[in-house]
Amino acid sequence: MRALVVTAVAAEADSVVTGLTPHPDAPGPEPRTLPGGYRTTRRDLPGIALDVLVGGVGPAAAAAGTATALALADYHLVVSAGIGGGFAPAAPLGSLVVADAIVAADLGAETPEGFLDVTALGFGHSVHLPPTELAARAAEATGALLAPVLTVSTVTGTATRAAALAARHPMAGAEAMEGFGVAEAAAAHGLPVLEIRAVSNAVGPRDRAAWRIGDALAALADGFRVLGPVLANWGERHEHQHR
Ligand SMILES: O=C(O)c1cccc(C(=O)CC[C@H]2O[C@@H](n3cnc4c(=O)[nH]cnc43)[C@H](O)[C@@H]2O)c1
């Protein structure tokens, strides 16, 4: 089983690699750089080899980085991982959210009658669905909330915007900027996708002082300490279905 884990920035990749490194005294290979300048780090666990890629911030960068890596090696699963905003009260600071749906929440058109997503506009799709069993097992193992994760190109910064998103997606657990881009690249290669977010801030009025990025990065590492075996076990039973 080979999995590609895509983060936005190096600090998130470092947390993922920490979680995937059971014996710090035997850390594993140093990071290497792919064509295009993408940093990637390999970690091997029983039954699964994982490459942790730093893809860049936002859906376009994430899609480009993911597609670059998928063109260079064969994988069975792609995971979008990183910090994200949590929708209170379901996803408090420091908690984890695993996506049961990866939603492009601002891909569409504003109209006098409200927002129309690309599906409503007839231009394509705005949701990718992770494998149901995998998402459920990942959430159970990590103690994460299983809920839709919204992908936006602009971090929500007002209560009005947060309320509008929550009204359109009442079950949403988190907001981030890369999941849908990663999912689009995975789908283009016929691969399943998963997204996991560690909550660094509340979705709502911009309050940088309230961000808890360090706590979220620690939670991300803790999540990947238990997620590796879940991905491996799922892969043993499903990798033949993709590629
Ligand atoms: O508004 C600020 O000053 C500010 C301070 C720290 C970080 C940011 C970001 O824009 C981080 C974006 C980056 O982190 C993910 N992320 C984290 N929280 C959220 C959120 O509430 N909504 C969307 N994305 C978030 C995201 O995936 C990016 O990789 C801003």
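Everything numeric in this text was worked out from a predicted model, so none of it was measured.

Rules behind the numbers
Residues numbered from 1 in each chain as written. Predicted model: local features only at pLDDT ≥ 70, side-chain atom pairs only at ≥ 80, totals over all residues. Heavy atoms only, no water. Axes fitted to C-alpha atoms, helices over the stretch in contact; angles between N-to-C directions. Helix = DSSP H or I, 4+ residues; strand = E, 2+ residues; numbered from the N terminus. Parallel < 35°, antiparallel > 145°, perpendicular 65-115°, else oblique. Left-handed = near helix turned anticlockwise from the far one by under 90°. Contact = heavy atoms within 4.5 Å. Nonpolar A, V, L, I, M, F, W, Y, C, P; charged D, E, K, R; others polar. Near = heavy atom within 4 Å. Polar contact = N/O pair within 3.5 Å; in protein donor to acceptor, adjacent residues only side chain to side chain. Core = buried A, V, L, I, M, F, W, Y, C linked by side-chain atoms within 4.5 Å. Buried < 20%, exposed > 50% of the residue type's maximum accessible area, 1.4 Å probe, protein only. UniProt positions renumbered as here; feature names shortened; annotations may be inferred.

(A) The arrangement of the packing of helix α2 (residues 59-72) against helix α6 (residues 179-188) in detail. Packing of α2 against α6 brings their axes to within 7 Å, and their N-to-C directions diverge by 30°. Comparing their axes, α6 and α2 come out roughly parallel. Seen along the crossing, α2 lies across α6 with a hand that is right-handed. The residues of α6 that touch α2, namely those facing Pro59, Ala62, Ala63, Thr66, Ala67 and Leu70, are Gly181, Val182, Ala185 and Ala186. Split by residue class, the contact of α2 with α6 holds eight nonpolar, two polar and no charged.

(B) Quick look at the site of the ligand. Lining the immediate surroundings of the ligand are 15 residues, of which Glu175, Glu178, Asn201, Arg206 and Arg208 lie closest. The separation between an oxygen atom of the ligand and a polar side-chain atom of Arg197 is 3.5 Å. Separating a nitrogen atom of the ligand from a side-chain N or O atom of Asn201 is a distance of 2.8 Å. Of all the elements in the fold, those that place two or more residues in the shell around the ligand are β5 (77-86), β11 (174-176) and β12 (193-202). Class assignment for the residues of the shell around the ligand results in six nonpolar, four polar and five charged.

(C) Up close: the nonpolar core. Of all hydrophobic cores here, the largest spans 36 residues; its most connected members are Val79, Phe224 and Leu231. Contributions of two or more residues to this core are made by β1 (2-7), α1 (10-19), β4 (48-54), β5, β6 (96-104), α4 (132-142), β12 and α7 (213-238). Leave out the neighbours within four places in its chain, and Phe224 touches Val5, Val16, Gly19, Leu20, Val79, Ala81 and Ile196. In terms of nonpolar packing, the next biggest core, distinct from the first, is built from 25 residues, Val6, Val78, Val149 and Phe180 among them.

(D) Highlighting the packing of α1 against α7. Closest axis-to-axis distance for the α1/α7 pair is 7 Å, and the angle between their directions is 35°. Helix-helix and strand crossings are classified by hand; for α1 and α7 the assignment is right-handed. In this structure, α1 contributes Ala11, Glu12, Ser15, Val16, Thr18 and Gly19 to the contact, and α7 contributes Leu217, Leu220, Ala221, Phe224 and Arg225. Broken down by class, the residue content of the contact of α1 with α7 amounts to six nonpolar, three polar and two charged.

(E) Inspection of α6 at higher detail. Burial of α6 is extensive: seven of the ten residues sit out of reach of the surface. For α6, the complete set of buried residues consists of Gly179, Phe180, Gly181, Val182, Ala183, Ala185 and Ala186. Just beyond α6, the residue with positive phi is Gly190, at close to 70°.

(F) The arrangement of the environment of Pro131 in detail. With respect to the helices and strands, the residue Pro131 is situated in the loop between β9 (127-128) and α4. Through-space distance from the C-alpha of Pro131 to that of Ala101 is 9.5 Å; in sequence the pair is 30 residues apart. Every residue in contact with Pro131, bar those within four places of it in the chain, is listed here: Pro192, Val193 and Trp234.

(G) Just the UniProt feature "domain: Nucleoside phosphorylase" (unreviewed entry) in the chain, in detail. Listed under "domain: Nucleoside phosphorylase" (unreviewed entry) in the UniProt record, and renumbered for this structure, are residues 7-206. Helix makes up 30% of residues 7-206 and strand makes up 33%, while its end C-alpha atoms are separated by 23 Å.

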